[in-house]
Amino acid sequence: MERRAEFSRWKAQCLSKADLSRKGSVDEDVAELVQLLNGREQFFTTSSCAGRILLLDANINGFEVQKQNCCWLLVTHKPCVKDDVIAALKKANGDATLKFEPLILHVQCRELQDAQILHSVAIDSGFRNSGITVGKRGKTMLAVRSTHGLEVPLSHKGKLMVTEEYIDFLLEIANQKMEENKKRIERFYNCLQHALERESITDLYPKEKIIKKSNSYSHKKRRNREKADGKCVTEDNDKELENDDDPEVNVTIFPEDY
């Protein structure tokens, strides 16, 4: 009971804070998912981004752009067109990079088993790079993420290094990734609804619960992917998901207070 009370305090404190993101609000495509999670007593979201296409102007260290030290020339959570990118590139003075970033969602969970349920749903929905982190003080955090991003340098010292035709080609790829990302968010929402419904039924009828050994972290075995009205992942896209991202779970114990 003490553990649950402490979690409730953490949740109340987090959700009462102002949104410090650049946008200042939850992205439209992930709003229902965030609402669903925050409406359950065992979860609350600490940060989220539905996925975006952005153009950054900065110095490139290797292939990694430090977003905090750069100028955001363009950012959109919707499909992007070439004219917008070309117009934004005219403002570039350094090394401009086009990026697509898929959904990123951080959820604090009351118990490890709650995080495991959420992790299994995330993996089955296509977010194969999701992981669980356990802090020394007992805070259990799930990061929902995938690896189908895109990052391509376009200019150097303000000079465009590629053709407009190539930019058009890159945007076609980025927009396709954006659309796939949106489908995965919808799949995640549907699968999560069903998983939470099953969990509620189990809580009501604990004597009927069947305990099975879980192998949810192995990408070599098929999962039972069910929606409320059918499978969460169809047989047609099952192979696509298996070949997409590496289903690796990260469990870390912080050496210091978290």
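Fair warning: this is a prediction, and the values are worked out from it, not measured in the lab.

### Overview of the packing of aromatic side chains
Next up, step 1: Throughout the structure, instances matching the rule amount to 3 aromatic pairs.
Next up, step 2: Between Phe127 and Phe188, the aromatic rings sit 6.1 Å apart at their centres with planes inclined by 80°, giving edge-to-face as the arrangement. One end of the pair, Phe127, is in the loop between helix 4 (112-124) and strand 6 (131-134); the other, Phe188, is in helix 5 (residues 164-204), with 61 residues separating them in the sequence.
Next up, step 3: On the basis of an interplanar angle of 35° and a centroid distance of 6.0 Å, the ring pair of Tyr166 and Phe169 is categorised as tilted.

### Some details on the nonpolar core
Next up, step 1: Counting residues in hydrophobic clusters, the biggest one holds 26 residues, and the most contacted among them are Leu37, Leu105, Leu118, Val144, Phe188 and Leu192.
Next up, step 2: Of all the secondary-structure elements, those providing two or more residues to this core are helix 2 (28-38), strand 5 (104-109), helix 4, strand 6, strand 7 (140-144) and helix 5.
Next up, step 3: Here this core takes 6 residues from helix 5, the largest share from any one element.

### Overview of the sheet that holds strand 8 (residues 150-153)
Next up, step 1: Reading across from one edge, 3-2-4-8 is the order of the 4 strands in this open sheet, with antiparallel pairing throughout. Sheet topology places strand 3 (71-76) and strand 8 at the edges, where each strand pairs with a single neighbour. For this sheet, the mean angle separating the axes of adjacent strands, direction not counted, is 15°.
Next up, step 2: Bridge analysis of strand 2 (residues 52-58) against strand 4 (residues 95-101) gives 7 bridges, and the strand direction is antiparallel. Bridged to Ile53 within strand 4 is Phe100.
Next up, step 3: Across the sheet, helix 3 (residues 82-89) is in contact with strand 2, strand 3 and strand 4; its angle to strand 3 comes to roughly 170°.

Calculation notes
- Residues numbered from 1 in each chain as written.
- Predicted model: local features only at pLDDT ≥ 70, side-chain atom pairs only at ≥ 80, totals over all residues.
- Heavy atoms only, no water.
- Phe/Tyr/Trp six-rings, centres within 6.5 Å; stacked < 30°, edge-to-face > 60°.
- Helix = DSSP H or I, 4+ residues; strand = E, 2+ residues; numbered from the N terminus.
- Core = buried A, V, L, I, M, F, W, Y, C linked by side-chain atoms within 4.5 Å.
- Buried < 20%, exposed > 50% of the residue type's maximum accessible area, 1.4 Å probe, protein only.
- Pairing = 2+ DSSP bridges.
- Axes fitted to C-alpha atoms, helices over the stretch in contact; angles between N-to-C directions.
- Contact = heavy atoms within 4.5 Å.

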